[in-house]
Amino acid sequence: MRDSLKLILLSMLAFAICALFVVKGLTLDNYQFFLSRRIPKILAIVLAAIAIASSSLIFQTITANRILTPSILGFDSLYVMIQVLLVAIFGGFSSIIIDTKINFLFSTATMTLCAMTLFHFYFKGRQRNIFTLLLIGIVLSSLFSSVTGFFTMVIDPDEFTFIENAMFASFNNINAELVYWCIIPLLLCATYLFRLANKLDVMWLGNENAKSLGVDTHKLTMKIMFIITLMVSISTALIGPVLFFGLIVVALTRQLFSHYQHRFLLLASAILSIVLLAGGQWIVENVFGFDTTISVIINFLGGGYFLFLLMKYKFD
Amino acid sequence: MKLVHLIAFAILVLLASSSLMLGVAHFSLADILAGDPHAINILTTSRLPRLLAIMLAGAGLSVAGLVMQQIVQNRFAAPSTTGTIDWAMFGYMIALLLFADMSSWVHLLIIFGFSVIGTLLFIRFLQRLKFKNTVMVPLIGIMYGNVVSSMTTFIAYKYNLVQSLSSWTVANFASVLSGNYEFLYIALPTSLLAYYYANRFSAASIGESFAKNIGLNYQRIVMIGIILVAVLSSSVVMIVGMIPFLGLIVPNIVSLFIGDNMRRNLPWTAYTGVILVLACDILGRLIIFPYEIPISIIISILGGTIFIYLILRDKSNA
């Protein structure tokens, strides 16, 4: 099958799943209530799916490998930790926490700062072995979660219940106001990425090659890191951390399509990501009857797949 | 060497007595000596069991980590990075689901069974692969553990046990009372056995062919090691919960100071484990006094930091 045909079929599938989500069981009497609940939810899933897929894809491009993703290196848990730290520093009743917009702006700004430092720690200086990086990433990510756990314990319980909803996003707990606010920055990021796509294609040839072909790799890496940070913040703020999802989506995209151009890959991975995330959530709700969560399934499948990738990487 | 022992003993006594004295209910040494029944009651039902549980769990998990290092031949191997703890948790879940009304011995046996099988699977797998790179073992082991614990969460969701599961996993010594921690005493004979086998584990850690050359049954030593590790980890998981990274960092800290001779390291590993858990427990009780922060959070912050330091320090991975 040709790539473009596959892409068209996939987009139809994505559209069908989203439609299924919105219209199932809708009648003239209940549509107002149902739509007001369902549209933000499906929108959040779609936006987060796009953000996760694109950020993982371009992260692999600038770090020149196929197993690292921002969430495996702990950027998701970093965002959650920053949220809790903000509450611990400013208190649960300050406008930085309560006002969704200010909170998002402020935590994204802090996140950018921290993520840049973290990125520097990972990739500058001594060239480290990729497995060492992965291990550090996994340990750091559990370290961030522990710090989060620590501060949620130390915070005043009254404040905690008040901010719990804002802090720990999940598929069934979506902040509707935030969803609409995320559309604009995500669109901006996506457009910007499409404009940078040619340079990313060159970057995928390797750092040295890209340099000799006239790409300012340092500047490009910094720009891309900034976008990745924004996208990680968006997806984590919308649906919370999903450890292996980005990895699965990008790897599947590379399996399904033989393209190497980022313009195409960005689009394809975003659509595939919507299909998987929305489809997965639909299965959880309808087949498992909410008996499990999608992150459990992602951890199980993703963890297994990750193990497989490690083995393959080792023997290639 | 004498002076070191004296200092070490003094630190232990200091920490142990502050652990005994720390808590909402106050009593003094004079009350105990005077035979005040209330003070003695607090001491014997709550404070003393807690201290003993801390010491047994700290020593047990650290020794388990040391044994694991030797049989996997990797210094980042420990019950928490080889899936042992996660399998134990899975077993605990199964035991409570299917055999809830049986005695605790049955539960312990089931947990033990699961952790032996899970660890054995992992080690057999590693033996087939023979990695050169030190970080591969913990990397694959942690992922393996993640997959197992997502199975545990899946079952927990199915039977509405998610909340209980989180209270089992989060290690906390606050709930230890006399009568519910005694299984931890298993750590004593097991650690002694580990000490008895220490030289053989050391030989095994050099390599299969070396061990065979000096006339040892390599696979049997590995099996004994796995059983010892599984006994130590399953009793801790059942009574206390998961204490992440402890078995990993303690043997590494000890070997930074006194080298790699296992027979010499083992008592110090047990001692350092006790001190570390005791100190972290006291810290957890002080930070938001009179409430407590579970020790697993404190240990994982400390342990994670030390783990990252150890990885970065490891020159061979640069």
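In this text the structure is predicted, and so the values were computed from the model without any measurement. (Residues numbered from 1 in each chain as written. Chains lettered and ligands numbered in written order. Predicted model: local features only at pLDDT ≥ 70, side-chain atom pairs only at ≥ 80, totals over all residues.)

Chemist: Outline the overall build of chain A, supporting the account with residue identities and numerical values.
Modeler: Scanning chain A from N- to C-terminus turns up 13 helices and zero strands. Of the regular secondary structure in chain A, the N- to C-terminal order runs α-α-α-α-α-α-α-α-α-α-α-α-α. Since a compact globule built from 316 residues should have a radius of gyration of about 20 Å, the 20 Å found for chain A is in line with a globular shape. Oriented by its inertia axes, the alpha-carbon framework of chain A measures out at about 60 × 50 × 35 Å. Across the 316 residues of chain A, 46% fall into the buried class. (Helix = DSSP H or I, 4+ residues; strand = E, 2+ residues; numbered from the N terminus. Rg over C-alpha atoms; globule rule 2.2 N^0.38 Å. Buried ≥ 20, exposed ≤ 12 C-beta atoms within 10 Å, placed from the backbone.)

Chemist: Can you tell me about unusual backbone geometry, naming the residues and giving the values?
Modeler: With an omega dihedral of 5 degrees, the bond running from phenylalanine 289 of chain B to proline 290 of chain B counts as a cis peptide bond. Even without being a glycine, alanine 64 of chain A presents a positive backbone phi close to 55 degrees. Looking at where alanine 64 of chain A falls in the secondary structure, it is placed in the loop between helix H2 (31–63) and helix H3 (75–90). With a phi close to 60 degrees, asparagine 160 of chain B is a non-glycine residue in the positive phi region.

Chemist: Please provide a residue-by-residue account of the nonpolar core, values included.
Modeler: Judged by nonpolar contacts, the single largest core of 193 residues is most densely connected at Leu47 and Leu238 of chain A. Look past the residues within four positions of leucine 47 of chain A in its chain and what remains in contact with it is Val179, Cys182, Ile183, Leu186, Ile234 and Leu238 of chain A. (Core = buried A, V, L, I, M, F, W, Y, C linked by C-beta atoms within 7 Å. Contact = placed C-beta atoms within 7 Å.)

Chemist: For the packing of helix H4 (residues 84–98) of chain B against helix H6 (residues 136–158) of chain B, give the residues involved together with the corresponding values.
Modeler: Residue and element names in this part refer to chain B. Relative orientation of the contacting elements H4 and H6 amounts to 15 degrees, with a least axis distance of 8 Å. Taken together, the axes of H4 and H6 lie roughly parallel to each other. Classified by chirality, the crossing of H6 by H4 is left-handed. Taken together, the residues of H6 that come into contact with H4 (itself represented by Ile85, Asp86, Trp87, Met89, Phe90 and Met93) are Gly145, Val148, Ser149, Met151, Thr152, Ile155 and Ala156. Its residues assigned to classes, the contact of H4 with H6 comprises nine nonpolar, three polar and one charged. (Axes fitted to C-alpha atoms, helices over the stretch in contact; angles between N-to-C directions. Parallel < 35°, antiparallel > 145°, perpendicular 65-115°, else oblique. Left-handed = near helix turned anticlockwise from the far one by under 90°. Nonpolar A, V, L, I, M, F, W, Y, C, P; charged D, E, K, R; others polar.)

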